[in-house]
Amino acid sequence: MQYRMMDSPLGQLLLAGEGNALEIIGFPAGKGQVRLEDDWRESPSAFETVAKQLNEYFEGRRKSFDLNLKPRGTPFQLSVLDALKKIPYGKTSTYGDIASSIGRPRAVRAVGAANGRNPLPIVIPCHRVIGSDGSLTGFGGGLPAKQYLLTLESSDFQLS
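First, a word on scope: everything that follows refers to the structure included in this document. (Residues numbered from 1 in each chain as written. Predicted model: local features only at pLDDT ≥ 70, side-chain atom pairs only at ≥ 80, totals over all residues. Heavy atoms only, no water.)

1. With respect to the layout of surface pockets
Thinking step 1. By volume, the largest pocket is sized at about 330 Å³.
Thinking step 2. In this structure, the largest pocket is lined by 21 residues; those nearest its centre are Lys31, Asn115, Gly116, Arg117 and Gly140.
Thinking step 3. Those elements that provide at least two residues to the lining of the largest pocket are β3 (21–26) and α4 (108–116).
Thinking step 4. Split into classes, the residues belonging to the lining of the largest pocket amount to nine nonpolar, ten polar and two charged.
Thinking step 5. The space that makes up the second largest pocket amounts to roughly 190 Å³.
Thinking step 6. Broken down by class, the residue content of the lining of the second largest pocket amounts to eight nonpolar, one polar and four charged. (1 Å grid on protein atoms, 1.4 Å probe; cavity = no way out; pocket = protein on both sides within 12 Å on 5 of 7 lines; lining within 4 Å. Points joined across faces, edges and corners; volume = space filled by probe spheres on them. Helix = DSSP H or I, 4+ residues; strand = E, 2+ residues; numbered from the N terminus. Nonpolar A, V, L, I, M, F, W, Y, C, P; charged D, E, K, R; others polar.)

2. A word on the pattern of salt bridges
Thinking step 1. By the definition in use, this model includes seven salt bridges.
Thinking step 2. Across the pair Lys52 and Glu56 runs a salt bridge, and its minimum N-O distance is 2.9 Å. Linking Lys52 with Glu56, this pair stays in helix α1 (residues 48–58), spanning four residues, or about one helical turn.
Thinking step 3. Lys52 sits in the exposed class, given a relative accessible area of 51%.
Thinking step 4. The salt bridge partner of Arg128 is Glu153, with a shortest N-O separation of 2.7 Å. (Salt bridge = Lys/Arg side-chain N within 4 Å of Asp/Glu carboxyl O. Buried < 20%, exposed > 50% of the residue type's maximum accessible area, 1.4 Å probe, protein only.)

3. Some words on helix α5 (residues 143–153)
Thinking step 1. Of the positions making up α5, those classed as buried are Ala145, Lys146, Leu149, Leu150 and Glu153. Each buried residue of α5 sits inside an arc of 135° when the element is viewed along its axis, so together they form one side.
Thinking step 2. Buried positions along α5 lie against α1, α3 (95–101) and β6 (129–130). (Arc of directions from axis to C-beta. Contact = heavy atoms within 4.5 Å.)

4. Side note on the pairing of strand β1 (residues 2–6)
Thinking step 1. Summarising burial for β1: four of the five residues are buried, a large majority.
Thinking step 2. Bridge count for β1 against strand β2 (residues 13–18) is five bridges, and the pairing is antiparallel. Bridging from a neighbouring strand, Met5 pairs with Leu14 of β2.
Thinking step 3. Taken together, β1 and the strand that follows it, β2, pair antiparallel across an intervening segment of six residues, in which Gly11 is found at a positive phi of about 105°. (Pairing = 2+ DSSP bridges.)

Here it is in structure tokens:
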């Protein structure tokens, strides 16, 4: 696996994967922090397109990503990730909405767990999922990072 670090408004992000397929985005701290494995090799020129698109996103110039992604997970987790990709920029959804959209309306907690295991946060927008009461819920980069991303995407976003 090759990786590179990239500066962002959220701190240093880890970008990792094989070839040109991005498999992991890691946060600098918290539950979304990814530890480097011994056999990973640093490649500062890797994932140039990813870094460019993320920078455009953070600058408010990009609303969707066109990247070669290779998330890992169970079939259920991958179905949740596919549903997350359909949440439009500047909009939010609930865990219940996602569960219903994948045909598993009673699997709200499992959807929450799959959302929390998203290996590609930001580009697969798990930050757009909020509680049914409109509250912010867990995020691998921490709640301040989630609030930052939601505010970036919607200038009028406010907590209920």
